Amino acid sequence: MAEVILENICKTYGNNFHAIDQLNLSVEDGEFLILVGPSGCGKSTALRMIAGLEDVTSGSLRIGGVDVVDMPPKDRDIAMVFQSYALYPHMTVFENIAFSMRLAGKPKAERRKRVDEIAKTLQLTSLLDSKPANLSGGQRQRVAMGRAMVREPAAFLMDEPLSNLDAKLRVQMRAEITSLQKQLGVTTIYVTHDQTEAMTMGDRVAVLKGGVLQQVDTPKRLYESPVNAFVAGFIGSPSMNLFEATLTGDELTSGTFGVRLQDAAFVRRPGLRSYAGRKVVFGIRPEHLYDSSLESGRKYQTIPAKVTSIEELGSEHIVHLNIDAVRVDSGDPDAVEDYGLTSNAVAKFEPDSAVRSGSEIRLALDDSKLHFFDPETHLAI
Amino acid sequence: MTPQKRSHHRLKRAVAPYLYLSPSLIIISLLMLLPMVTVIGYSFQNSAVLRRDPSFAGLKHYQAIFADPVFWASLWHTLYFTCMSVVFHMTIGMIFALMLNSDRINPTLRNILRVLYILPWLFTAVIIAVIWRLLLEPNGVVNSILMQLGIIGSKVEWFSSPETALHAVTFANIWAGYPLFMVSLLAGLQGIPKDFYEAADIDGAKAYQKLIFITIPQLMPIIISISLLDFIWTMQVFPLIWITTGGGPIYSTEVLSTYTYKLAFSSYNLSQAAASAVIILLISLGLTLFYIRYQKAR
Ligand SMILES: Nc1ncnc2c1ncn2[C@@H]1O[C@H](COP(=O)(O)OP(=O)(O)OP(=O)(O)O)[C@@H](O)[C@H]1O
Ligand SMILES: [Mg+2]
């Protein structure tokens, strides 16, 4: 068990592509760190550098206090779970899990004992003699975990281990991996592009964009105080609504509506005053928008909005709206999907909301939950 | 649809595939089955082809062949020639495929090697035979190089001394035939997922362990099917041997194909030649059945 420390790690591929730029990250002993970001942001590259499958262009990398930059993968005392699982089709589950012990020349009895132990933890005992081709997706996933666990490594590295599973199994395996990690207490770095996995599994989450680290924090802190508009838009589902508005005195105005800000908002963000009379980006999460005709929305200020479509999910309604403001792109390529062509905002209403598609409504918003960003730099104010 | 129409439709559907197959079936029967059956017929006749009213000979010709020491020598030579060829085709093909697939070798060099290694495949058997006759001539390149290196003391008559002739033709055949293995294994290698090797790297596998535990098991289906095919083909090689040694000297390179040819066209003993051909057919058939069974089992 060990901590993993990355200092000023850079990665430039052969074609001069800068995949990772000045990455600083320290993962504590026993911590479960999630590395998240949109597709192509360099998550796998970062993980593969830690594993030693990819050369580090510059910077220092220490695992358990040892500088591993020039070490081959096998000497780094890490285990990796691949997105494809990389199970050997010609070997049984037992042989797959025992592979590293066999390579190390461990006697058969010892292999048997250790694999049986692991199979018990992972509920694979009855499958030890099957070939991977005869297993279900979730079982294969567990075999891949077993193969990583067998050596008791200092750190686990996992690259999107759940992305090949269907939605339901993914939820189940999410919980299984989390509890397994707690039980084993092994430092784990887990790559995903799914922000739900990021929010639910990790002790801390590192958000990466275009090879640059944006923010590392607990899921709660990422959600409550994102450092910039990108993190704000990336964390949370559906994404935070981001709009441009003008700050006039203590009122936020855009088009035909205005939102009065309370003093507390300025007390919490001393910098906000200096934007008076200027443009500012404000953000509000879908869950902080309410139907003003319901009890829950009564106490908030309202703005006019037009409902364009509704997704009724049973437990809640995802309501697509159009408000009189210019939407700001957070820079998250996945966020665009949340918006249709005619809508520019998304709200989560309670299921007893009676709003209909096409109707004009008053949209209540909890102004204490507003986020503010600089319109140029997109940094949080 | 009336019941009548429906049954008509069904009949048409049932017959259609056979209609489509019939041209190839007819051609195969005419060009392959018919000659085969004829040859089998000849092998049981006295003075087949030569006389208009041949008499039934029973197993006489088979007995004659089994009593002929040259037949047994040929069978042994064929086995040696074939086994050595297949084993070395596989080994050389594997080594070259691994080299061509390695990303440690400069890509330009790799492309040049790829063309170079595949060259033997572009020549027909006759040209290969001529090339090796020239190379292995007593005054040829091979002798002069080996003598300069001090490996041999005097000029060796590779194709014309009984001690070396069989090895020499086998060597030429190995040279001519490895590209099939190389190309097939290379395709197989490129199909092995990269993360198998990465997972093994992390688990601490050495290069030879990756070869034994991942590469070879992954290539096994290709190795087995190509080996069987190569075995079947190599058993029947004729032009290479005929042109280099003609089966000599003193039967030292006589294989089943040259033995049969000589029976037919030197001794004009067509019946006995037919019997010999049937024996070759039976051996090939056995191997082919084995191959088909293997293909089905997969
Ligand atoms: N071998 C390579 N040579 C050149 N560029 C590469 C190579 N591997 C990756 N890249 C580039 O580096 C960037 C980061 O790739 P990486 O695989 O780390 O992304 P990722 O965050 O894991 O994405 P995904 O979520 O799609 O897996 C991508 O733009 C990719 O095109
Ligand atoms: Mg990736």
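Starting afresh in each chain, residues are numbered from 1 along the sequence in its written order. By the order in which they are written, chains take letters starting at A while ligands take numbers starting at 1. Residues qualify for local features only when their pLDDT is at least 70, as the model is predicted, and side-chain atom pairs are given and counted only at 80 or more; totals for whole chains, interfaces and linings, by contrast, use all residues. Side-chain numbers here rest on the full set of heavy atoms in the structure, without hydrogens or water.

**Some remarks on the overall build of chain A**
Put simply, the rule is: A helix here means a DSSP run of H or I that spans at least four residues, while a strand means a run of E at least two residues long, and both kinds are numbered starting from the N terminus. Each residue is placed in one exposure class: buried if its accessible area under a 1.4 Å probe, protein chains only, is under 20% of its type's maximum, exposed if it is over 50%, and partly exposed if it falls in between. Only heavy atoms matter for contacts: two residues are in contact if any of them lie within 4.5 Å across the pair. Accessibility throughout is a Shrake-Rupley quantity obtained with a 1.4 Å probe, and a residue counts as covered only by protein chains that appear here. Asp and Glu are treated as the negative residues and Lys and Arg as the positive ones, with His and the ends of the chain left uncounted. The atoms used to mark charge sites are NZ of Lys, CZ of Arg, CG of Asp and CD of Glu.
When its secondary structure is counted, chain A shows 9 helices and 21 strands. Viewed in the frame of its principal axes, chain A has a C-alpha envelope of about 75 × 45 × 35 Å. Out of the 381 residues in chain A, the part that is buried amounts to 52%. In chain A, the proportion of contacts linking residues at least 24 apart, taken out of those at least 6 apart, comes to 70%. Of the accessible surface of chain A, which amounts to about 16400 Å², a share of 49% is contributed by carbon and sulfur atoms. Across chain A, 42 positive and 50 negative side-chain charges occur, with their mean positions spaced 5 Å apart.

**As for the interface of chain A and chain B**
In plain terms, the rule: Simply put, the buried area is the total loss of 1.4 Å probe accessible area from both parts when two parts are fitted together. The salt bridge criterion pairs a side-chain nitrogen of Lys or Arg with a carboxyl oxygen of Asp or Glu, the two atoms within 4 Å.
Contacts between the two partners involve 22 residues from chain A, matched on the other side by 15 residues from chain B. Between chain A and chain B lies a buried interface of about 1600 Å² when both sides are counted; carbon and sulfur atoms form 65% of it. Looking only at chain A, the three residues that lose the most surface to chain B are A:Y88, A:H90 and A:L103, adding up to 32% of its buried area. Counting across the chain A and chain B interface gives 2 salt bridges.

**Re the pattern of salt bridges**
According to the stated counting rule, one finds 17 salt bridges over all chains in the structure shown. The shortest N-O distance in the salt bridge between A:D116 and A:R112 comes to 3.7 Å. Here A:R112 and A:D116 lie together in helix α3 (residues 108-122), a separation of 4 residues that amounts to about one turn. Judged by relative accessible area, which is 31%, A:D116 ranks as partly exposed. When the shortest N-O distance is used, the salt bridge between A:K220 and A:E224 registers 3.0 Å. With A:K220 and A:E224 both in helix α7 (residues 219-224) and 4 residues apart, this pair spans about one turn of that helix. The exposure class assigned to A:K220 is exposed, which follows from its relative accessible area of 56%. Among the charged side chains, a network of salt bridges with common partners joins A:R48, A:E54 and B:E198.

**Details of the packing of helix α3 (residues 69-101) of chain B against helix α7 (residues 165-190) of chain B**
All names here are of chain B. Note the following rule: Each axis is a line fitted through C-alpha atoms, and for a helix only the stretch in contact is used; angles between axes span 0 to 180 degrees, taken between their N-to-C directions. Any angle from 65 to 115 degrees is called roughly perpendicular, while one under 35 is roughly parallel, one over 145 is roughly antiparallel, and all others are oblique. Two helices cross in a left-handed way if the nearer one is turned anticlockwise from the farther one by less than a right angle. They cross in a right-handed way if the turn is clockwise. Polarity classes work like this: nonpolar for Ala, Val, Leu, Ile, Met, Phe, Trp, Tyr, Cys and Pro, charged for Asp, Glu, Lys and Arg, and polar for all others, with Gly in that last group.
Running from amino to carboxyl end, α3 crosses α7 at an angle of 40°, the nearest separation of the two axes being 5 Å. Classified by the interaxial angle, the pair formed by α3 and α7 is oblique. α7 is crossed by α3, and the crossing has right-handed handedness. Split by residue class, the contact of α3 with α7 holds 21 nonpolar, 10 polar and no charged.

**A short note on helix α11 (residues 256-265) of chain B**
Residue and element names in this part refer to chain B. Of all 10 residues making up α11, 7 are buried, and the element is well covered by its neighbours. Buried within α11 we find L256, S257, T258, Y259, T260, L263 and A264. In the core, the buried residues of α11 are packed alongside α2 (60-67), α3, α10 (239-244) and α12 (270-297).

**Quick notes on the domain arrangement of chain A**
Residue and element names in this part refer to chain A. Let me state the cut-off plainly: The start and end points of each domain follow an automatic or database-based domain assignment.
Considered domain by domain, chain A is made up of domain 1 (4-228) and domain 2 (234-373). Each of domain 1 and domain 2 has a C-alpha centre, and the two are 37 Å apart. Summed over both sides, the interface between domain 1 and domain 2 buries roughly 1000 Å², with carbon and sulfur atoms accounting for 68% of that surface. If you sort the residues of domain 1 by the area they bury against domain 2, P38, Q195 and Y223 come out on top, with a joint share of 53%.

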